[in-house]
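Here's the letter readout for the chains.
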Amino acid sequence: MTGLAPECVALAEGLREVRARTGLSLAALAERTPYSKSSWERYLNGKKPAPRQAVEALCAMAGEPAGRLLALWELADAEWSGRARHTRPAVPPLPAPTPADPGVAVGAPGWPRRRLLFTVGAGMVAVAAIAVITALSVRGPGTGQPTSLTSAALDPAPGCQGKSCDGKDPDRMFCGLPGRVDSLGPQHRTGTGAGVEIRYSGVCAAAWGRIWHSKVGDAIEVSAPGTRPHRIVVRNTADTGAYRFTPMVGAPARTDVRLCFIPADGAGRKCFHP
């Protein structure tokens, strides 16, 4: 990706990370979206601007919140479209340096050091101003309004914590963002070939189950003492090639969480602990 703007590189890397979590090949992505296999290859390698809808579709298939990637997409789209260059102000020429001390004449001992400090300081101020103006000038598609690129947009606050997370979607509550979630115990391979694992977010103090490579009708159920069990059922073939998540159980003791796999035929229920 030599020659790409850093914003475009960051988006491509983010897309590849999310695609890896879907477990889908390029051909499978093409089957599930309006975009061809070759288009996905270009999007994931930064060779071609990725449509906003493609970013949203990829996040949906991975069961990931789209907020972080869409914020990166805004920055990359500004570079691809040229808006960033057109809205970025030109750097004004630096004024000729003058001695800080009227008693120090140009060329006198000590003047070169004063001139260097002035030049470096002015350059740093100019660079900082350009960065701020550029960030504020990126506009949302079709809105004409500036898009917020604050740290809150890239790293939104969790939507719940502890018992308030019970029964809620881990993605909608931003509990499943990278850096906020880990596997609680090992991943497990079931007798039907499906993979399952317990997920836990320390930030949200909540746990949930995840399943992939499943079959239509398969289900997983997460539970903990003192909480109501929560189940997700794989409803269609589109769900079989992506991660599916249960709602969360809030504030469980890590060692008490249990995840059960229920195959489509109902036989051979298997439960796992951390």
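This write-up is about the structure you can find in this document. Just so it is clear, the model here is predicted, and its values are computed rather than measured.

1. A word on the sheet that holds strand E5 (residues 219-223)
Whether parallel or antiparallel, the strands of a sheet pair through hydrogen bonds between backbone atoms.
(1) Moving on: Overall, antiparallel pairing links the four strands, which are arranged E6-E5-E9-E10 in an open sheet. Both outer strands of the open sheet, strand E6 (230-233) and strand E10 (270-272), are each paired with one neighbouring strand and no more. Sheet twist, expressed as the average angle between the axes of neighbouring strands with direction ignored, equals 20°.
(2) Moving on: As paired elements, strand E9 (residues 258-262) and E10 share three bridges and run antiparallel to each other. Bridged to Leu 259 within E10 is Phe 272.

2. Things to note about the nonpolar core
It is characteristic of soluble globular proteins that their nonpolar side chains tend to be buried jointly.
(1) Moving on: Counting 25 residues, the largest nonpolar core has Leu 11, Leu 15, Leu 29, Trp 40, Val 55, Leu 58 and Leu 69 as its most contacted members.
(2) Moving on: Contributing elements (two or more residues each) for this core: helix H1 (6-22), helix H2 (26-32), helix H3 (37-44), helix H4 (52-62) and helix H5 (67-81).
(3) Moving on: Per-element tally for this core: the top contributor is H4, with six residues.
(4) Moving on: Leave out the neighbours within four places in its chain, and Val 55 touches Leu 15, Ala 50, Leu 69, Leu 70 and Trp 73.
(5) Moving on: In this structure, Ala 194, Ile 198, Ile 220 and Val 249 belong to the second largest nonpolar core, which totals 16 residues.

3. With respect to the side chain of Thr 33
(1) Moving on: Among the secondary structure elements, Thr 33 is positioned in the loop between H2 and H3.
(2) Moving on: We classify Thr 33 as buried; its relative accessible area is 11%.
(3) Moving on: Side chain to side chain, Thr 33 and Trp 40 meet in a polar contact 2.9 Å long.
(4) Moving on: Apart from residues lying up to four places away in sequence, Thr 33 is in contact with Trp 40, Ala 57 and Met 61.

4. Structural notes on unusual backbone geometry
(1) Moving on: Located in the positive-phi region is Phe 174, a residue other than glycine, with phi close to 60°.
(2) Moving on: Residue placement: Phe 174 occurs in the loop between helix H8 (151-154) and strand E1 (182-183).

5. Structural notes on the packing of H1 against H4
(1) Moving on: Closest axis-to-axis distance for the H1/H4 pair is 8 Å, and the angle between their directions is 35°. The way H1 lies across H4 gives a crossing that is left-handed. Judged by residue contacts, Leu 15, Val 18, Arg 19 and Thr 22 of H1 engage Val 55, Leu 58, Cys 59, Met 61 and Ala 62 from H4.

6. With respect to the state of the cysteines
(1) Moving on: Applying the stated rule across the entire model yields three disulfides.
(2) Moving on: Note on cysteine connectivity: Cys 175 is disulfide-linked to Cys 204, with sulfurs 2.1 Å apart. Measuring handedness by torsion sign, the sulfur bridge of Cys 175 and Cys 204 sits at about -95° and is left-handed. Taken together, the residues span a long stretch of sequence, with Cys 175 in the loop between H8 and E1 and Cys 204 in the loop between strand E3 (195-201) and strand E4 (206-212) at a distance of 29 residues.
(3) Moving on: Using a relative accessible area of 0% as the deciding quantity, one classes Cys 204 as buried.
(4) Moving on: Here the bonded cysteines of the protein are numbered in sequence order, and their pairing is 1-2, 3-4, 5-6.

7. Quick word on the pattern of salt bridges
(1) Moving on: Summed over all chains, the structure comprises 10 salt bridges.
(2) Moving on: Of the charged contacts in the structure, one is a salt bridge between Glu 41 and Lys 47, with a shortest N-O distance of 3.0 Å.
(3) Moving on: When salt bridges with common partners are traced through the structure, they connect Arg 52, Glu 56 and Glu 74 into a single cluster.

Reading the values: the criteria
Residues numbered from 1 in each chain as written. Predicted model: local features only at pLDDT ≥ 70, side-chain atom pairs only at ≥ 80, totals over all residues. Heavy atoms only, no water. Pairing = 2+ DSSP bridges. Helix = DSSP H or I, 4+ residues; strand = E, 2+ residues; numbered from the N terminus. Axes fitted to C-alpha atoms, helices over the stretch in contact; angles between N-to-C directions. Core = buried A, V, L, I, M, F, W, Y, C linked by side-chain atoms within 4.5 Å. Buried < 20%, exposed > 50% of the residue type's maximum accessible area, 1.4 Å probe, protein only. Contact = heavy atoms within 4.5 Å. Polar contact = N/O pair within 3.5 Å; in protein donor to acceptor, adjacent residues only side chain to side chain. Left-handed = near helix turned anticlockwise from the far one by under 90°. Disulfide = S-S within 2.5 Å. Salt bridge = Lys/Arg side-chain N within 4 Å of Asp/Glu carboxyl O.

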